[in-house]
Amino acid sequence: MREMTKGMNVGLSSLSPHAGSVLVGLSWVSPIGDGDADVSVLLLDANGKVRGDSDFYFYNNPAAADGSVQLLGKTPTENGDEDRIGFDLTAVPPEVDRIVVTASRYGGRDFGELADVEVTLADGTGERLLRFAVEDADTVSAIIFGELYRRGGEWKFRAVGQGYAGGLAGLATDFGVDIEDDADDADHADGAQAEDGEEAPRDERDPARTVRAGQTAPDPHNSANAARNGTGTGTGTGTGKETGPGDGTAQADGPDPRTTPGSPPAPAPAPETTPGPVLAPRAPDGTVPPPRPTRPRTAKKKVTLPRADRKALAENESWRPSRLVPVPTLKSDRDREVRATSVLLSVMAQVPEFGRRLTAAFGAPAGRMETYTEVVLPHGETPRRPDGVIRVERAGKLWTALVETKTNGSALKPDQVQAYMDIAARRGYEAVITVSNDVALEGSPLVDVKIDGRRKHRVALRHLSWAEVTYQAQMLIRHEGVGDKAHAWLLQELLHYLQHENSGCHGFQNMGAAWVPVRNGINDETLCEGDPRALDVVESWERLVRQLCLGLGGELGQKVLPVHRAKRGADPAARRNRLADRLCREGLLQAEFRIDGAPGILALNADLRTGKLRTSIEIPAPEQGYPLSRAKRLLRRLAGAPADLHVETLLEGGAGGPRGTLERLRPEPADMLPKGDTPVTGFRLSLFKSMGNSRGNAESGFIRSVDNAVHRFYATVVVHLDQP
């Protein structure tokens, strides 16, 4: 992998023959676990400006109609998460000269609070080609990480690292985007109304962006009007010259359109104001001029499931609705695999948004998709029959992937996957996709396959868990919406199938054979550090945590990601070995979750010695008001929380303060306050629950108990708290 420094340039064709489609990943680490930023992309012409506002791709304009750009969202990685963007460079319009990749923070935060800020680029097979670490992010709220640009008939990548103080709006306006930044009446005409008839509150990232109905609107920070008037204050120095591969020496390649030597400094941002309603001026004849052109907005009308089911016409509950795909008739795992493959692939082909979402991260272009099942392919003396084939056609070119699925507890077979990899390489296919209930971990492949280095054609091996398939379907049908009622109905039928108890597609559901011996060894104090069974349990725990993020995120329509406080780039095997040794010493399994809109990090502890699960969250104390009024306000917010919720007061200096259950504290709020004048910094809220023992997903199993504990804590505690 090529390591880049600021100002370096490299031709993509010199790094890989599969650079027609690339995957760009932006990542960072927050030392306190709550860092986040939004990615965006701008397509620029030869003058360094967008051709129109539609060339600006951000959180509410995530994909190009021609498939050239697709914001794929966040993907959990070993040390945090990564925002990924897919580019089909063969589909980029010829008048586009540059593609700028950026990220911006919101709520008054800046990139100086984050560590390990970097961008990577992978080719269509998933192989990472280059990496650029941004070293001097400082106090800027937006950064241009890099850019893809044309030169001499090929695409090149330039490491930029230029900062902007004006945030997303300031960066976008510098490139010619006309941001809708004032809260005028057009906001309401664009459908920013909640389904219950109330106006949907706005998101702090952009005053024009609306928050889903039912959420609490955060206080606005850094109005877009002020941010828009602020121009970029670059931390990077765009040299505008080519850099030779690996040596950093400059070669003439034309001036960089971003910067001009000797240009005057950028003016200071305008003071923040709250715009009032502005009446449209009338022409001399009394007519009102036509409305201004629509600018980038955030409220989009899409088809989602209704919030409340319509009243059924059935005479009684014994009448079962007809379903597109019946499930109760399935008798064997083979039947389930065939049915699940057919249902999944057919919906992918018929609902473009869904099919594209599942395949874009695997290097598939945006185009016409067709899917097939039970295709017979020659392989030596014994023909092979993969469960499915996905084929995408774009501009006369084909992208093909073989699909192998498993349901229930069936494991992927290495020899089977190896055969499909060999067939794909021999026939020039691009990928082999495995789908099962297991969850893939970085540095711990589900199956080991051998890659023949003598073959020029490389095949990517990718994995999808059924939990991820369910998550993507939930996000589309319940939260983001699709453009067609028929597509919404198909996704609804797919969800019904996947969530049926007989489908076999319920996600990770077994902690493995090592679970019971490790649990018994901890209770007997006979488990020693270095025991490989403890490492197996740690890996199973990590898979369970990833699945919890997908399940909760799909239900809430929010990003839910595991928090990793380890330094990025740390060896995954070494990190898991440390966690396994800690499990042997202390009997603890721990995880943290960052949930968009939550006031803090949700922590989960499984104590195998006591058999207890603890879910908790730490929230800061309000800055205003007297201590007793703060305590009373918190108790009022928790009026609907369980009586056995534990509340602990956090004091300055890290000392523990008073604690008690809600049942005891509600009549006596003063018991939450410490004696003396020690300042209160926050509160820790915790729920305890007995832990399941068995390794499976039965009602009394460990997996079910953990899932119930996390969902109960969020639904009964976190939803009552103020947003940050």
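This text follows the structure it describes.
Structure report, in brief. (Residues numbered from 1 in each chain as written. Predicted model: local features only at pLDDT ≥ 70, side-chain atom pairs only at ≥ 80, totals over all residues. Heavy atoms only, no water.)

### Observations concerning the overall build of the protein chain
- Scanning the protein chain from N- to C-terminus turns up 14 helices and 28 strands.
- Relative to its 724 residues, the protein chain shows a buried fraction of 50%.
- Taking contacts inside the protein chain between residues at least 6 apart in sequence as the whole, the part at least 24 apart equals 70%.
- Put simply, the protein chain shows about 33700 Å² of open surface, and 50% of that area lies on carbon and sulfur atoms. (Helix = DSSP H or I, 4+ residues; strand = E, 2+ residues; numbered from the N terminus. Buried < 20%, exposed > 50% of the residue type's maximum accessible area, 1.4 Å probe, protein only. Contact = heavy atoms within 4.5 Å. Areas by Shrake-Rupley, 256 points an atom, 1.4 Å probe, with all protein chains shown as cover.)

### Regarding the environment of leucine 589
- Within the element layout of this structure, leucine 589 appears in strand β23 (residues 588-595).
- As for leucine 589 and aspartate 607, which are separated by 18 residues in sequence, their C-alpha atoms are 6.6 Å apart.
- Setting aside residues no more than four positions away along its own chain, leucine 589 makes contact with Trp515, Val537, Trp541, Leu583, Leu604, Asn605, Ala606 and Leu608.

### Comments concerning the sheet that holds strand β27 (residues 656-661)
- With antiparallel pairing, 7 strands are arranged side by side in an open sheet as β22-β23-β24-β25-β28-β26-β27. Looking at which strands have only one partner, the edges of the open sheet turn out to be β22 (560-562) and β27. Across the sheet, the mean angle separating the axes of adjacent strands is 25° when strand polarity is ignored. (Pairing = 2+ DSSP bridges. Axes fitted to C-alpha atoms, helices over the stretch in contact; angles between N-to-C directions.)

### Digging into the packing of helix α4 (residues 333-350) against helix α8 (residues 485-499)
- At their nearest, the axes of α4 and α8 sit 10 Å apart, and the two run at 160° to each other. It follows from the interaxial angle that α4 and α8 lie roughly antiparallel. Between α4 and α8 lies a crossing whose hand is left-handed. Taken together, the residues of α8 that come into contact with α4 (itself represented by Arg336, Arg339, Ala340, Val343, Leu344, Val347 and Gln350) are His487, Leu490, Leu491, Leu494 and Tyr497.
- Of the residues that constitute the contact of α4 with α8, the class distribution is 8 nonpolar, 2 polar and 2 charged. (Parallel < 35°, antiparallel > 145°, perpendicular 65-115°, else oblique. Left-handed = near helix turned anticlockwise from the far one by under 90°. Nonpolar A, V, L, I, M, F, W, Y, C, P; charged D, E, K, R; others polar.)

### Remarks on the pattern of salt bridges
- Throughout the structure, instances matching the rule amount to 33 salt bridges.
- Close ionic contact of glutamate 337 with arginine 334 constitutes a salt bridge, the shortest N to O distance being 3.6 Å. Of this pair, glutamate 337 and arginine 334 both sit in helix α4, 3 residues apart, roughly one helical turn.
- Its relative accessible area of 7% is what places glutamate 337 among the buried residues.
- Accessibility expressed as a relative area gives 40% for arginine 334, which makes it partly exposed.
- Put simply, glutamate 480 and arginine 357 hold a salt bridge, and the shortest N to O gap is 2.6 Å. With glutamate 480 in helix α7 (residues 466-480) and arginine 357 in helix α5 (residues 352-359), this pair connects stretches of sequence that are 123 residues apart.
- For glutamate 480, a relative accessible area of 36% puts it in the partly exposed group. (Salt bridge = Lys/Arg side-chain N within 4 Å of Asp/Glu carboxyl O.)

### Details of the sheet that holds strand β11 (residues 142-151)
- Read from one edge to the other, the open sheet built from 6 strands follows the order β2-β12-β11-β8-β4-β5, with strand pairing classed as antiparallel. Every other strand in the sheet has two partners, leaving β2 (9-11) and β5 (56-57) as the edge strands with one partner each.
- Against the sheet, helix α1 (residues 167-174) engages β4 (38-44), β5, β8 (98-104), β11 and β12 (154-164), with an angle of about 30° to β11.

### Some thoughts on α1
- For α1, the buried fraction is high: 7 of the 8 residues fall into the buried class.
- Within the span of α1, buried status applies to Gly167, Leu168, Ala169, Gly170, Leu171, Ala172 and Thr173.

### Regarding the nonpolar core
- Among the nonpolar cores identified, the biggest contains 60 residues, and Trp541 and Phe702 are the most heavily contacted of them.
- Per-element accounting of this core gives the leading share, 9 residues, to helix α10 (residues 532-556).
- Residues within four places of phenylalanine 702 in sequence aside, it is in contact with Met511, Trp515, Trp541, Leu544, Ala606, Leu613, Met691, Gly692, Asn693, Ser694 and Gly696.
- Membership of the second largest hydrophobic core comes to 42 residues, among which are Phe111, Val117, Phe132 and Ile143. (Core = buried A, V, L, I, M, F, W, Y, C linked by side-chain atoms within 4.5 Å.)

### Some details on the packing of aromatic side chains
- Within the structure shown, the criterion is met by 7 aromatic pairs.
- Relative to phenylalanine 111, the ring of tryptophan 28 has its centre 6.2 Å away and its plane inclined at 80°; by these criteria the two rings are edge-to-face. Taken together, the residues tryptophan 28 in strand β3 (residues 21-29) and phenylalanine 111 in the loop between β8 and β9 (115-122) connect sequence positions 83 residues apart.
- Arranged with centres 6.4 Å apart and planes meeting at 45°, the rings of tryptophan 28 and phenylalanine 145 form a pair that is tilted. (Phe/Tyr/Trp six-rings, centres within 6.5 Å; stacked < 30°, edge-to-face > 60°.)

### Focus: the state of the cysteines
- One pass over the structure, following the stated rule, counts 0 disulfides.
- Of the cysteine sulfurs around cysteine 584, a residue in no disulfide, the closest is that of cysteine 528, at 7.6 Å.
- By relative accessible area, which is 9% here, cysteine 584 ends up buried. (Disulfide = S-S within 2.5 Å.)

### Side note on α7
- Counted at 1.5 Å a residue, the expected span for α7 with its 15 residues is 21 Å, and the 20 Å between its end C-alpha atoms agrees.
- Its maximal kink placed at glutamine 474, α7 deviates by approximately 25°.
- Of all 15 residues in α7, 12 are buried; the element is thus mostly enclosed.
- Within α7, burial applies to Trp466, Ala467, Val469, Thr470, Tyr471, Gln472, Ala473, Gln474, Met475, Leu476, Ile477 and His479. (Expected span 1.5 Å × (residues − 1). Bend = angle between axes of the 7 residues up to and from the residue.)

### Considerations on the pairing of strand β18 (residues 388-394)
- In this sheet, β18 lies alongside strand β17 (residues 368-373) in antiparallel orientation, the contact comprising 6 bridges. Paired with threonine 371 across the two strands is isoleucine 390, which belongs to β18.
- In terms of strand pairing, β18 meets strand β19 (residues 397-405) through 7 bridges, oriented antiparallel. Bridging across to β19, valine 389 finds its partner in leucine 402.

### Re the environment of arginine 384
- In this structure, arginine 384 sits in the loop between β17 and β18.
- Through-space distance from the C-alpha of arginine 384 to that of alanine 419 is 8.0 Å; in sequence the pair is 35 residues apart.
- In this structure, arginine 384 is in contact with Val375, Val376, Leu377, His379, Gln416, Ala419, Tyr420 and Ile423, ignoring residues within four places of it in sequence.

### Remarks on the packing of helix α9 (residues 515-524) against α10
- For the pair α9 and α10, the least separation of the axes is 9 Å and the interaxial angle reads 115°. Considering the angle they form, α9 stands roughly perpendicular to α10. Crossing angle aside, the handedness with which α9 passes α10 is left-handed. Within the contact between the two elements, α9 uses Trp515, Pro517 and Val518 and α10 uses Arg533, Ala534 and Val537.
- For the contact of α9 with α10, the residue count by class is 5 nonpolar, no polar and 1 charged.

### Overview of the environment of methionine 369
- Along the chain, methionine 369 falls in strand β17.
- Taking C-alpha positions, methionine 369 is 5.8 Å from arginine 391, a pair spaced 22 residues apart along the chain.
- Leave out the neighbours within four places in its chain, and methionine 369 touches Met348, Ala349, Gly355, Thr359, Ile390, Arg391 and Val392.

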